[in-house]
Structure formats: C-alpha cells, structure tokens
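Coordinate inspection notes
Chain by chain, the residues run as shown.
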Amino acid sequence: QVQLVESGGGLVQPGGSLRLSCAASGSILSILYMGWYRQFPGKQRELVALMSSGGSINYADAVKGRFTISRDNAKNTVYLQMNSLKPEDTAVYYCNAIDINNYWGQGTQVTVSS
C-alpha cells in the first residue's frame, strides 16, 4: 500500500514558478510509474508528466520545456517544478503512482492569475 500526500500549490502570477511535492508513505523504488496529472473543471484528468522505472519521461506538449518532473529517493518524494506559468495552467494537480495498484494524491490547486 502506498499513500501520496501533495503540497506546494497556490496562487502565482503569470510567468511565475511553483514546485509541487508528492511524498509517498513508503519507498518509491519499487514503483513502476510516477506522474503528475491535472484536471480542469468539467473535464477528464489529463497527463502532465510521467516517469517510468526505466528512467523514461514523457511530458504533455502543453508543458514541455516549462515543467520538470524529478525524484528524491531518500525522501520518497517526487516533484513537479513548474516555470513560466500561464493562466491556462490553472487546474487541480494530482500525483499518481503505479505498482500493482494505482494510487492518487489528494490534489492541490494551482491558480495562475494576475
């Protein structure tokens, strides 16, 4: 069993930066995939960034070059560094992890507005 706790969301101006954190209850070394998704009101959750156990990383076209997913194994934590934020990035962001199950964080609100 894995529990994911997210933090780091908030309100920022366009062009600003935020770093989201996702802390796992146990070691993430056995996790096959970890990623970040986001959900706009009335729409399905969509992929932002995905990291596989083999080291491959995929980003959504909308965030490529601006967002970076990373991992700190010692702290059992994954991060999403978000730079050059745009108003259209405003959404609830969810951390996701997969081993033999599919785990989700509680979600954290990111609002980009002047």
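The structure displayed is predicted, hence computed values, not measured ones.

**Here we look at the overall build of the chain**
For the chain, the helix and strand inventory stands at zero helices and 11 strands. For the chain, the sequential pattern of α-helices and β-strands runs β-β-β-β-β-β-β-β-β-β-β. In terms of its C-alpha atoms, the chain occupies a principal-axis envelope of roughly 40 × 25 × 25 Å. Across the 114 residues in the chain, those meeting the buried criterion constitute 40%. Element-wise, carbon and sulfur atoms account for 47% of the exposed surface of the chain, whose accessible area totals about 6,200 Å². Here the chain holds 9 positive side-chain charges and 7 negative ones, and the gap between their average locations is 3 Å.

**Quick word on the state of the cysteines**
This structure, assessed with the given rule, holds one disulfide. With a sulfur-sulfur separation of 2.1 Å, Cys 22 is cross-linked through a disulfide to Cys 95. With the S-S dihedral at roughly -85°, the linkage between Cys 22 and Cys 95 falls on the left-handed side. In this pair, Cys 22 is assigned in strand β3 (residues 18-24) and Cys 95 in strand β9 (residues 91-98), connecting sequence segments 73 residues apart.

**Topic: the sheet that holds strand β8 (residues 77-82)**
An order of β1-β3-β8-β7 is seen for the four strands of this open sheet, with the pairing classed as antiparallel. Two strands lie at the open edges of the sheet, namely β1 (4-7) and β7 (67-72), each paired on one side alone. On average, each strand axis in the sheet is tilted by 15° relative to the strand beside it, whichever way the strands run. The pairing of β3 with β8 spans six bridges and is antiparallel. Residue Ser 21 lies in a different strand from β8, and its bridge partner there is Tyr 79.

**Let's talk about the environment of Pro 41**
For Pro 41, the position within the fold is in the loop between β4 (33-39) and β5 (46-52). Here Pro 41 falls in the exposed class, since its relative accessible area comes to 79%. Residues Pro 41 and Tyr 59, 18 residues apart in the sequence, show an inter-C-alpha distance of 21 Å.

**So, the side chain of Thr 77**
Structurally, Thr 77 is set in strand β8. Look at Thr 77 and you get buried, because its relative accessible area is 8%. Within the structure, the side chain of Thr 77 is placed 2.7 Å from the backbone oxygen of Lys 75, a separation counted as a polar contact.

**Here's the deal with the environment of Glu 88**
Note on placement: Glu 88 falls in the loop between β8 and β9. Owing to a relative accessible area of 52%, Glu 88 belongs among the exposed residues under this scheme. Spatially, the C-alpha atom of Glu 88 lies 9.4 Å from that of Phe 40, the residues being 48 residues apart in sequence. If we ignore the near neighbours within four places in the chain, the residues touching Glu 88 are Arg 38 and Phe 40.

Cut-offs and rules
- Residues numbered from 1 in each chain as written.
- Predicted model: local features only at pLDDT ≥ 70, side-chain atom pairs only at ≥ 80, totals over all residues.
- Heavy atoms only, no water.
- Helix = DSSP H or I, 4+ residues; strand = E, 2+ residues; numbered from the N terminus.
- Buried < 20%, exposed > 50% of the residue type's maximum accessible area, 1.4 Å probe, protein only.
- Areas by Shrake-Rupley, 256 points an atom, 1.4 Å probe, with all protein chains shown as cover.
- Lys, Arg positive; Asp, Glu negative; His and termini not counted.
- Charge placed at Lys NZ, Arg CZ, Asp CG, Glu CD.
- Disulfide = S-S within 2.5 Å.
- Pairing = 2+ DSSP bridges.
- Axes fitted to C-alpha atoms, helices over the stretch in contact; angles between N-to-C directions.
- Polar contact = N/O pair within 3.5 Å; in protein donor to acceptor, adjacent residues only side chain to side chain.
- Contact = heavy atoms within 4.5 Å.

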